[in-house]
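An overview of the molecular structure
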Amino acid sequence: TWSLAAKGYMDMAHSLTVVSLIVAAVMGFVIIFKRQSPVIQYLVPMYALFEGAFLGGVSFMFEASFPGIVQTAIKATLLCVAVMLILFKTGLVKVTEKFRTGIIMCTATIAGIYLIDLLLSLFGIRVPAINAATPLGIGISLVIVAIASFNLLLDFDFIYEASSRLMPKHIEWYGAFGLMVTIVWLYIEILKLLAKTQRRR
């Protein structure tokens, strides 16, 4: 997708980005409902393929507007993953039921706000607080990046528990799927945060 856009085939790249997003979203829901079935070992790699095509298009759009932003976002994402993994492995942050419930509720709230913003965008209206490059907008992005990072702890805990309980081998694909979704979300939120800070300059 990135290559198509870089070569000037913008319409084709845009179409591939949109189609890949739709297919990945549909496959994501299928994987969630089929998580107990061995079939997910085939669905997850296919999901990753479409997710990658979507990310290629999105990343190119950000890079075209803010040169160098993608490399910075990738480094920041990997740093967040490494920090969260260290916090989990050392036990400095423990995934308790209260912690899990709190993160899930925060994540659901963010998803609800994004859904409202998406619906309003159909009428040419956007929620300014989450889209504007203002101190408030940047602050909200920082909070969302933090919530996305904490979701990594839930993924690590799921993988650890699944391994400890000797769950069926295909469950490892579901663990990988959950981790991938969180990392992609984190990467996109970091891209948006960096874009806001650069627009402030």
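Description of the structure in this document. (Residues numbered from 1 in each chain as written. Predicted model: local features only at pLDDT ≥ 70, side-chain atom pairs only at ≥ 80, totals over all residues. Heavy atoms only, no water.)

Quick notes on the overall build of the protein chain
Looking only at helices and strands, one finds eight helices and zero strands in the protein chain. In sequence order, the protein chain lays out its α and β elements as α-α-α-α-α-α-α-α. Here the C-alpha radius of gyration of the protein chain, 18 Å, is about what a compact globule of 201 residues would show, namely 17 Å. Counting only C-alpha atoms, the protein chain reaches 50 × 35 × 35 Å along its principal axes. Sequence-distant contacts in the protein chain: of pairs separated by 6 or more residues, those separated by 24 or more amount to 77%. A total of about 11,800 Å² of accessible surface is found on the protein chain, and carbon and sulfur atoms cover 73% of it. Taken together, the 16 basic and 10 acidic charged side chains of the protein chain have centroids lying 4 Å from each other. (Helix = DSSP H or I, 4+ residues; strand = E, 2+ residues; numbered from the N terminus. Rg over C-alpha atoms; globule rule 2.2 N^0.38 Å. Contact = heavy atoms within 4.5 Å. Areas by Shrake-Rupley, 256 points an atom, 1.4 Å probe, with all protein chains shown as cover. Lys, Arg positive; Asp, Glu negative; His and termini not counted. Charge placed at Lys NZ, Arg CZ, Asp CG, Glu CD.)

A short note on the layout of surface pockets
To locate leftover empty space, one rolls a probe as large as a water molecule over the atoms. Put simply, the largest pocket is a space of about 2,200 Å³. Around the largest pocket, the lining is made up of 49 residues, and of these L21, A111, Y114, V181 and W185 lie nearest the centre. Breaking the lining of the largest pocket down by element, the ones donating at least two residues are α2 (10–33), α3 (40–65), α5 (97–121), α6 (128–131), α7 (135–164) and α8 (171–199). At 13 residues, the largest contribution of residues to the lining of the largest pocket is made by α8. (1 Å grid on protein atoms, 1.4 Å probe; cavity = no way out; pocket = protein on both sides within 12 Å on 5 of 7 lines; lining within 4 Å. Points joined across faces, edges and corners; volume = space filled by probe spheres on them.)

Looking at the pattern of salt bridges
Scanning the entire structure with this criterion turns up five salt bridges. A salt bridge links R165 to E161; the shortest N-O distance between them is 3.5 Å. In this structure, E172 engages K169 in a salt bridge whose closest nitrogen and oxygen atoms are separated by 3.2 Å. Look at the salt bridges and you will find they share partners, linking E97, R100 and D157 into a network. (Salt bridge = Lys/Arg side-chain N within 4 Å of Asp/Glu carboxyl O.)

So, the environment of M84
Residue position: M84 is located in helix α4 (residues 69–90). Sequence-wise, M84 and I183 are 99 residues apart; in three dimensions their C-alpha atoms are separated by 11 Å. Once residues within four sequence positions are removed from consideration, M84 is found in contact with S149, F150, L152, L153 and F156.

A short note on the packing of α4 against α7
Two elements in contact, α4 and α7, have axes separated by 9 Å at closest approach and are oriented at 50 degrees. Between α4 and α7, the angle is such that the two are oblique. Of the two possible hands of crossing, α4 and α7 adopt the one that is right-handed. Taken together, the residues of α7 that come into contact with α4 (itself represented by C80, V81, M84, L85 and F88) are S149, F150, L152, L153, F156, D157 and Y160. In the contact of α4 with α7, the residues fall into 10 nonpolar, one polar and one charged. (Axes fitted to C-alpha atoms, helices over the stretch in contact; angles between N-to-C directions. Parallel < 35°, antiparallel > 145°, perpendicular 65-115°, else oblique. Left-handed = near helix turned anticlockwise from the far one by under 90°. Nonpolar A, V, L, I, M, F, W, Y, C, P; charged D, E, K, R; others polar.)

Side note on a nonpolar patch on the surface
Residues L115, L118, L119, L122, F123 and I125 make up a contiguous nonpolar surface patch of about 670 Å² in total accessible area. Tracing the backbone shows L122 in the loop between α5 and α6. (Patch = residues over 30% accessible without salt bridge, like charges linked within 9 Å, V, L, I, M, F, W, Y side chains within 5 Å.)

Section: the nonpolar core
Core analysis: the largest hydrophobic core is formed by 35 residues, its most contacted members being I69, F156, L186, Y187, I190 and L191. Looking at this core, the elements with two or more residues in it are α3, α4, α5, α7 and α8. Per-element tally for this core: the top contributor is α8, with 10 residues. The residues contacting L186, other than those within four sequence positions of it, are T77, C80, V145, A148, S149 and L152. Counting residues in hydrophobic clusters, the runner-up holds nine residues, among them M27, I40, Y174 and F177. (Core = buried A, V, L, I, M, F, W, Y, C linked by side-chain atoms within 4.5 Å. Buried < 20%, exposed > 50% of the residue type's maximum accessible area, 1.4 Å probe, protein only.)

Let's talk about unusual backbone geometry
Positioned with a positive phi, L166 is a non-glycine residue whose angle comes to about 55 degrees. Along the chain, L166 turns up in the loop between α7 and α8.

Quick look at α5
Taking 1.5 Å per residue as the helical rise, α5 with its 25 residues ought to reach 36 Å, and the 36 Å between its terminal C-alpha atoms agrees with that figure. Among the residues of α5, I103, I110 and D117 are the ones counted as buried. Each element contacted by the buried residues of α5 is listed here: α6, α7 and α8. (Expected span 1.5 Å × (residues − 1).)

Notes on the side chain of T17
Assignment of secondary structure puts T17 in helix α2. When residues no more than four places from it in sequence are discounted, the contact partners of T17 are T1, A53, F54, G57 and V58.

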